[in-house]
Amino acid sequence: MIEKITAYRFERLDETLSQLNREDCAIIAGGTDVMVLHKSRRGVPPKIPKPIVFINHLSELKQVYQHHKDLHIGACCTYSELLENPLIPFALKNAIKTIAAPAIRNRGTLGGNICNASPAGDMLPLLYVYNAKLLLRSVNGDRMVAISDFIQGPRQVQRFHNEMVTEIILPFVLEDSHVVFEKVGNRNADAIAKVSFAGFVRISKGRIDDIRFAFGAVGPTMVRSIDIEKKLVGKTIPLADADIAEIVAAFDKIIRPIDDQRSTAAYRKTVALHLLRYFLSMKQYQPN
C-alpha cells in the first residue's frame, strides 16, 4: 500500500506563506536534492515526512534585478535561467556550468543549493566571497541574514518553519574586482566537488584593497576567515613568499576535511592549499 502524501501548490507567494504559518511543511523548488535525499526503492515514491509545498512556479521568486547597485536574485531561478540572464556575474555563470547536466540545471535552483546546506554546495564558496545576504519572508514580515550566518552546519540552516528564502542579494562589487572559482571533481561537470575554491581580490595602485577566499567540501560549512584575509589588505603585489606562506599555514590549521567515498582528507587539504597558493601568487592579475 502506497502511503499518501499531502502536497500544496498555491498561485501566489502570500498564500504559500500563509500555509507555512499554519503547518510545518517541506518546501520543494526543483527537488533535485530533496528527491534524492528521501528516495525509496525503485518504483516507490520518496518518503517525505512532512506535507509538501511546491514553490518553483511562483513568479515572485523568479525575478532578477538591480536595486541601489545590489543584485537581487529570486530564490527559485533555475541555473539555466541564470546562465541566460545578462545581470548574472561571469564568475557565477562559470560555476553554474560545472553543476550536473543540463536536465538538472533546468530544475535546480540557487535558493535550493543554499537551503540544502551541503558542505559541497557548488555555488556556496562564491556566495561567501560575494558577501551574499538572504532575504527571508514570512507572514510576520521580512528579515535579512548573511549567508555565513544562515548556514550553520550540514543540512542545518537558520530558518523558522514559517519562513522562506525569497531572494539572494549580492552587494555591489566594483568592476575592477577579480573573482575566480575552481572546482575539483571526478569530471568537469556532473560531479560532486571533492574541493571547491572561490577567490575575490581588488587591487589598486599595486596594493590589495580587498581580498576574500572560501573553500567548499573541506569542513562542515564553507571555510572562510576574515581575520586571515585582513592580514593581506594593503600588501603590495606580487606578494612576498613569506606572506603567502603565512596565509597558507593559517588555513592549514582551520581546514578540516574528512575521508569519504569521493576523496581522502589528506588529498582535499593538499588540493585546497595548492589552490590558495596559486590564487595568492596572483600571476593572472599581473601585467605581462
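Calculation notes
Residues numbered from 1 in each chain as written. Predicted model: local features only at pLDDT ≥ 70, side-chain atom pairs only at ≥ 80, totals over all residues. Heavy atoms only, no water. Helix = DSSP H or I, 4+ residues; strand = E, 2+ residues; numbered from the N terminus. Expected span 1.5 Å × (residues − 1). Buried < 20%, exposed > 50% of the residue type's maximum accessible area, 1.4 Å probe, protein only. Contact = heavy atoms within 4.5 Å. Phe/Tyr/Trp six-rings, centres within 6.5 Å; stacked < 30°, edge-to-face > 60°. Lys NZ or Arg CZ within 6 Å of the ring centre and 35° of its normal.

*Asks:* Kindly report on helix α11 (residues 265-281), identifying the contributing residues and their values.
*Replies:* Given a rise of 1.5 Å per residue, 17 residues ought to cover 24 Å, and the 24 Å separating the end C-alpha atoms of α11 matches this to within 8%. Turning to α11, its buried residues number three or more, namely Ala265, Arg268, Val271, Ala272, Leu273, Leu275, Leu276, Phe279, Leu280 and Ser281. Of the surrounding elements, those touching the buried residues of α11 are β11 (177-184), β12 (195-204), β13 (207-216) and α10 (241-254). Two residues or fewer past α11, Met282 is found with a positive phi of approximately 55 degrees.

*Asks:* Just give me the short version of the packing of aromatic side chains, but keep the residues and values in it.
*Replies:* On inspection of all chains with the given rule, the structure shows six aromatic pairs. Consider the rings of Phe197 and Phe215, whose centres lie 5.2 Å apart with planes at 55 degrees: the pair is tilted. In this pair, Phe197 is assigned in strand β12 and Phe215 in strand β13, connecting sequence segments 18 residues apart. Of the two residues, Phe197 and Phe215, neither departs from the other in class, the shared state being buried. For the ring pair Phe197 and Phe279, a centre distance of 5.6 Å and an interplane angle of 65 degrees mean the geometry is edge-to-face. With Phe197 in strand β12 and Phe279 in helix α11, the pair connects residues that are 82 residues apart, well separated along the chain. For the pair Phe197 and Phe279, a shared accessibility class is recorded, and that class is buried. Cation over ring: Lys69 sits above Phe172, and NZ or CZ is 5.1 Å from the ring centre.

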